[in-house]
Amino acid sequence: MDLIICVVGLLALIVEGIRCQGVYAPPTVRIIHSGHACNVEEERHTERVYTIREGETLELTCLVTGHPRPQIRWTKTAGSVSDRFQDSSVFNETLHIAKILRTQGGRYYCKAENGLGSPAIKSIRVDVYYLDDPVVTVHQSIGEAKEQFYYERTVFLRCVANSNPPVRYSWHRGREILTQGSDKGVEIYEPFFTQQGETKILKLKNLRPQDYANYSCIASVRNVCGIPDRSVIFRLTNKTASPSIKLLVEDPIVVNPGQTVSLVCITTGGEPPPLLTWVSTNDSLPQRSVVKGGTLTLPAITSDEAGVYSCVASNNVGNPAKKSTTIVVRALKKGRFWITPDPYHNDDNIQIGREVKISCQVEATPPEELTFSWLKNGRALRSSERMVITQTDPDISPGTTNLDIIDLKFTDFGTYTCVAALKGGGIPEISIDVNISSTTVPPLFFSFLVPPSLTVPRGKSPLVAREGDTVELECLVSGKPKPIILWSRSDKEVPMPDGNMQMESYDGVLRIVNVSREMTGSYRCQTSQYNGFNVKPREAVVELIVQYPPTVEPVYMEKRQGLGRPVVMTCKVLRAHPSRVLRFEWLLSNRLLHAGAFDAQRDETEYTIRSLNRDGWGEYTCNVINEAGAGKCTFQVTGKAYPPEFYYDTYNPLWQNRPRVYGFKLQWTQMNPGAVDRIVAYRLGIRQMGLQRWWEQEIPVDGQINKGELMTHNLTELIKPESYEVRLTPITRFGEGDSTIRIVTYSAPINPHLREFHCSFEEEPICMFTQDKNDDFDWTRHSAATRDTKYTPNTGPSGDRSGSKQGFYMYIETSRPRKEGDQARLVSPFFNVAPKNPYGITNPPAYCFGFFYHMYGKHIGTLNAFLKQKGQSASEAPVWSLSGNQGNHWKQAKVSVHPTSSFQVVLEGVRGSGIEGDIAIDDVTLEEGECRDPPPDLRTKAASTSSHIWLLSITLVMTLLEGQR
């Protein structure tokens with residue numbers, strides 16, 4: 001007995017857990033399609049393919065269920081490795097791409113997640129169809145004449161067109177269709193794959209007079225997606241020849257900046273006449289360039305526009321002809337000098353009686369036009385035994401000249417000037433001055449140039465600063481001339497504060513504004529060899545230490561709690577420098593609550609409110625303080641309720657009981673209802689979209705709300721067809737909580753609170769039935785009084801289902817141009833499924849679908865009825881089908897359907913073998929419940945989830961009892 005009690009208790013807990021879960025459910029997802037699809041292959045295994053023509057509109061909608069409302073994200077994975085994953089995420093239910101491109105084909109994924117269970121993911125592959133104009137190229141066999149296509153030469157015509165799906169080619173000579181074997185002098189290669197894609201080659205062996213003709217290549221994708229065939233014509237004559245060209249310019253062309261350059265290219269041969277284009281090594285032609293025929297003009301050319309320019313001629317015969325020339329723009333820049341002490345003595349000092357070398361370097365374009373001259377005190381200096389002027393080998397040090405002073409004397413003091421120029425002129429000269437002078441002359445030697453030295457001032461390393469300060473790292477530099485200082489991080493991979501790897505300083509000081517903790521480390525100062533001694537660089541290191549306040553978490557946290565309950569707040573230290581934290585303090589709205597020394601053994605401090613009262617609501621601050629400042633944790637303690645969660649999976653939420661107004665069933669759950677005080681009411685706000693005024697009312701709440709409990713409020717008197725913005729706000733003793741907003745949109749109601757649907761097609765809207773866009777022809781609405789039976793008197797009805805000649809019905813007209821097998825499909829509006837269980841569909845409900853049909857004529861084809869559920873294509877097999885002549889009278893059909901989601905019914909008429917095959921329908925009905933006498937194989941039975949649970953429970957109890965015996 002005790003065992004039975006335990007089992008019953010366990011089952012009670014299971015049922016209670018299910019009840020507490022309420023309507024919360026993990027997401028499910030389904031992709032439906034609209035837009036301009038050519039064809040959609042529904043799921044076969046896991047593959048769905050959506051075919052669309054390039055330039056049309058792609059529209060995919062992700063239908064989701066689940067509560068709370070799942071977040072939706074669309075992503076795309078492309079087919080090529082180089083474009084494997086694109087950042088093309090769309091956070092919306094509908095993915096809309098207008099004028100889709102071929103590169104946008106690939107697999108699209110819809111991902112839905114709401115924090116419950118695993119995310120739901122569905123995918124569909126989008127195949128973009130296209131066909132480009134074909135291109136015909138002509139080639140001779142290797143080694144034969146290239147000037148013209150003489151007699152007894154073999155010629156190949158290749159036709160290529162980019163397409164999806166693969167293209168089929170056909171060749172015509174004039175009006176004659178060429179096929180393999182139709183002409184002994186013609187050979188056609190079957191399609192094969194090359195780097196250019198699929199191609200087809202026409203081989204003309206030993207050219208004959210009749211081979212000189214117009215050749216047409218027709219590319220076809222068999223009219224898929226309505227893509228028409230494309231063709232190209234090539235005229236082959238005895239003058240057909242590959243292109244040849246000539247450039248009427250020099251190579252290279254050397255010009256000064258600012259000049260206008262014109263490049264002229266002319267054709268010297270080729271039939272058909274070649275097309276001339278210009279290309280550049282700089283990826284594209286300059287923006288200001290002008291191309292007119294074969295002439296390329298570059299106005300006011302700059303150094304950036306220098307490079308190789310090529311003229312290309314193409315006429316699709318043989319290989320394109322290409323001629324190139326190089327444009328060189330004169331330039332002089334970046335002049336610098338350096339002094340090298342006597343290379344034969346291991347001494348950095350420059351002394352009287354020893355050798356000194358002054359080197360001067362510039363960057364010149366073109367380098368062969370570069371010339372140097374030297375001046376002393378403004379007068380020309382010529383090379384001599386003591387003053388040797390040389391020019392360095394361009395391969396070793398391009399653009400460099402040297403002045404070697406042998407046996408330095410006092411009379412050599414003065415200003416030496418290095419002058420660089422280009423022979424062509426038009427470019428300003430560059431001159432560099434080097435001053436060698438003295439104020440004192442020692443008796444034995446004169447050290448008038450002092451090598452550099454670097455030192456760090458006392459007390460400047462390590463340098464301690466606080467985060468946010470401006471700091472100056474200093475290296476004292478001496479030397480004559482005074483060198484530039486280069487600063488860098490000792491860790492060579494770490495950049496300087498400005499992002500560069502090096503920074504220059506003329507006074508030896510590195511100034512850093514708003515220093516941060518990441519800048520802590522070693523900094524190297526180093527002398528530069530720019531315009532100074534050619535001696536070993538000097539360097540020194542400065543250590544920088546940046547102190548910063550404690551980094552704490554959480555920086556901000558909201559704590560929601562009801563009155564009379566405890567609240568615990570914890571502030572944790574992550575890092576600080578110096579790491580020793582001195583003290584902490586807790587405040588409520590700047591009022592000190594608690595302070596003390598920080599425990600070195602712990603990295604956090606805690607404050608507890610044992611029983612929250614109204615005075616305890618507010619902003620709490622914890623300051624953790626060290627020598628560099630304070631880190632702050634902020635806690636907002638509030639009794640504000642969490643926002644409600646609108647329920648979007650309500651079945652039949654919209655109804656209409658009067659012509660101009662409609663109602664909406666608003667449902668929601670409450671997020672974390674037990675986190676704060678009991679919710680006593682909801683404030684409902686509603687306003688019509690486009691208007692400013694809100695209408696508000698309070699919805700009282702009796703008792704405690706459970707987690708997952710579904711609440712309902714009916715919105716009435718909504719004006720058709722307006723949309724409304726609805727705002728819902730929970731109210732507690734604290735006041736108003738967080739609000740949630742949703743949009744209520746009017747849509748034509750689907751069997752709203754109706755026991756049956758009936759359509760007799762008497763009105764022009766035909767009860768919201770629509771013609772399928774992917775069939776061959778349409779159903780026609782007609783009455784016997786207006787229908788012309790002159791040409792087909794032996795088919796079709798003589799009145800509607802009631803016998804009235806004025807009544808209307810729908811029928812398919814099978815006269816020409818209709819052909820056997822053509823299909824016409826009529827699609828009903830959507831019908832919602834009304835489940836008995838408010839939490840989902842367990843037993844699929846039954847509906848009785850009925851209609852009257854008239855199938856009279858010796859050429860009658862087939863009438864089919866399909867069930868199409870939302871997001872899916874019509875069922876592969878019809879739920880009802882009938883073929884052949886059924887006599888000249890109306891008959892009724894009924895069939896039971898068992899949809900699991902919103903659905904449509906599709907009536908399909910298939911044309912028979914002749915014109916006497918008109919099929920008509922009338923009085924379409926849909927009623928809840930099974931048909932009174934449905935076919936036995938259409939009945940379905942499914943036990944509900946709760947039935948399964950209790951059956952399992954009873955079985956478990958009986959098994960345990962059996963074990964007790």
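Model, not experiment: these values are computed from the prediction.

Further remarks concern the packing of aromatic side chains. Tallied over the entire structure, the rule returns 17 aromatic pairs. Between Y607 and Y620, the aromatic rings sit 6.3 Å apart at their centres with planes inclined by 35°, giving tilted as the arrangement. A residue pair is termed long-range when its members are at least 10 positions apart, and Y607 in strand β48 (residues 604–609) and Y620 in strand β49 (residues 618–626) qualify at 13 residues. Following the ring pairs from residue to residue traces out a cluster consisting of W586, Y607, Y620 and F635. The positively charged end of R517 is found above the aromatic ring belonging to Y548, 3.9 Å away from the centroid.

Further remarks concern the sheet that holds strand β46 (residues 583–588). Spatial strand order, β44-β50-β49-β46-β47: 5 strands in an open sheet with mixed pairing. Only two strands of the sheet have a single partner each, and these edge strands are β44 (556–560) and β47 (591–597). Going across the sheet, the axis of each strand differs from the next one's by a mean of 20°, ignoring polarity. One ladder, built from 5 bridges, connects β44 with strand β50 (residues 629–638); its direction is parallel. Counted as the bridge partner of R560 is T638 from β50.

The pairing of strands in a sheet happens through backbone hydrogen bonds and is either parallel or antiparallel. Judged by pairing direction, the sheet is antiparallel, and its 5 strands sit side by side in the order β61-β64-β69-β66-β67 without closing on themselves. Unpaired on one side and paired on the other, β61 (770–771) and β67 (880–883) mark the two borders of the sheet. Summarising the sheet, strand β66 (residues 862–869) and β67 pair through 4 bridges and their orientation is antiparallel. Its bridge partner lying in β67, N864 is registered against S881.

Per-residue confidence for the protein gives a mean pLDDT of 83, with 83% of residues at or over 70. Note on residues 78–88: pLDDT is under 50 here. Beyond four places in sequence and across chains, it has 11 contacts. This model gives residues 142–151 a pLDDT under 50, and the stretch forms 29 contacts once residues within four places in sequence are excluded.

Time to look at the nonpolar core. Grouped together as the largest cluster of nonpolar side chains are 33 residues, with contacts concentrated most on F761, F849, F851, L863 and I921. Only β60 (756–759), β63 (808–812), β64 (823–827), β65 (847–855), β66, β68 (891–897), β69 (903–910) and β70 (919–928) provide two or more residues apiece to this core. Those residues within four positions of I921 in sequence are excluded, and the remaining contacts are F761, W779, Y809, M810, L826, F851, F852, Y853, L863, W890 and L907. Grouped together as the second largest cluster of nonpolar side chains are 28 residues, V138, V186, L204 and L207 included.

Glancing now at the pattern of salt bridges. Pairing is possible between side chains of opposite charge, provided their charged atoms come close. Under the definition given, this model contains 33 salt bridges. Its salt-bridge partner being E93, residue R69 comes within 2.4 Å of it at the nearest N-O pair. Of this pair, R69 sits in the loop between β4 (58–67) and β5 (71–77) while E93 sits in the loop between β5 and β6 (94–97), and the two are 24 residues apart along the sequence. For R69, a relative accessible area of 27% gives the class partly exposed. For E93, a relative accessible area of 29% translates into the label partly exposed. Among the salt bridges present, the one from E908 reaches R825, with a minimum N-O distance of 3.0 Å. Of the two residues, E908 sits in strand β69 while R825 sits in strand β64, which places them 83 residues apart along the sequence. The exposure classification of E908 matches that of R825, with both residues buried.

Let us now look at the state of the cysteines. Think of a disulfide as a covalent bridge from one cysteine sulfur atom to another cysteine sulfur atom. Applying the stated criterion across every chain yields a total of 7 disulfides. Disulfide pairing places C571 opposite C633 at an S-S distance of 2.1 Å. With the S-S bond torsion at 70°, the cross-link from C571 to C633 turns out right-handed. With C571 in strand β45 (residues 567–577) and C633 in strand β50, this residue pair connects regions lying 62 residues apart in the sequence.

Here we come to a nonpolar patch on the surface. On the surface, a cluster of nonpolar side chains totalling about 250 Å² of accessible area is made up of M689, I741 and I743. Mapped onto the elements of the fold, M689 is located in the loop between β54 (681–688) and β55 (695–700).

Here V555 is to be found in the loop between β43 (539–553) and β44. Note: C-alpha distance between V555 and K572 (17 residues apart in sequence) is 9.8 Å. Filtering out sequence-adjacent residues up to four positions away, V555 remains in contact with K632, C633 and T634.

Here we come to the pairing of β63. Remember that side chains alternate between the two faces of the sheet whenever the strand is regular. Of all 5 residues making up β63, 4 are buried, and the element is well covered by its neighbours. In this sheet, β63 lies alongside strand β62 (residues 780–783) in antiparallel orientation, the contact comprising 4 bridges. Along β63, the bridge assignment pairs T780 with Y811. With 3 bridges joining them, β63 and β70 adopt antiparallel strand pairing. Considered in β70, the bridge of Y811 is made with A920.

Parameters and conventions
- Residues numbered from 1 in each chain as written.
- Predicted model: local features only at pLDDT ≥ 70, side-chain atom pairs only at ≥ 80, totals over all residues.
- Heavy atoms only, no water.
- Phe/Tyr/Trp six-rings, centres within 6.5 Å; stacked < 30°, edge-to-face > 60°.
- Helix = DSSP H or I, 4+ residues; strand = E, 2+ residues; numbered from the N terminus.
- Lys NZ or Arg CZ within 6 Å of the ring centre and 35° of its normal.
- Pairing = 2+ DSSP bridges.
- Axes fitted to C-alpha atoms, helices over the stretch in contact; angles between N-to-C directions.
- pLDDT = per-residue confidence, 0-100.
- Contact = heavy atoms within 4.5 Å.
- Core = buried A, V, L, I, M, F, W, Y, C linked by side-chain atoms within 4.5 Å.
- Buried < 20%, exposed > 50% of the residue type's maximum accessible area, 1.4 Å probe, protein only.
- Salt bridge = Lys/Arg side-chain N within 4 Å of Asp/Glu carboxyl O.
- Disulfide = S-S within 2.5 Å.
- Patch = residues over 30% accessible without salt bridge, like charges linked within 9 Å, V, L, I, M, F, W, Y side chains within 5 Å.
- Areas by Shrake-Rupley, 256 points an atom, 1.4 Å probe, with all protein chains shown as cover.

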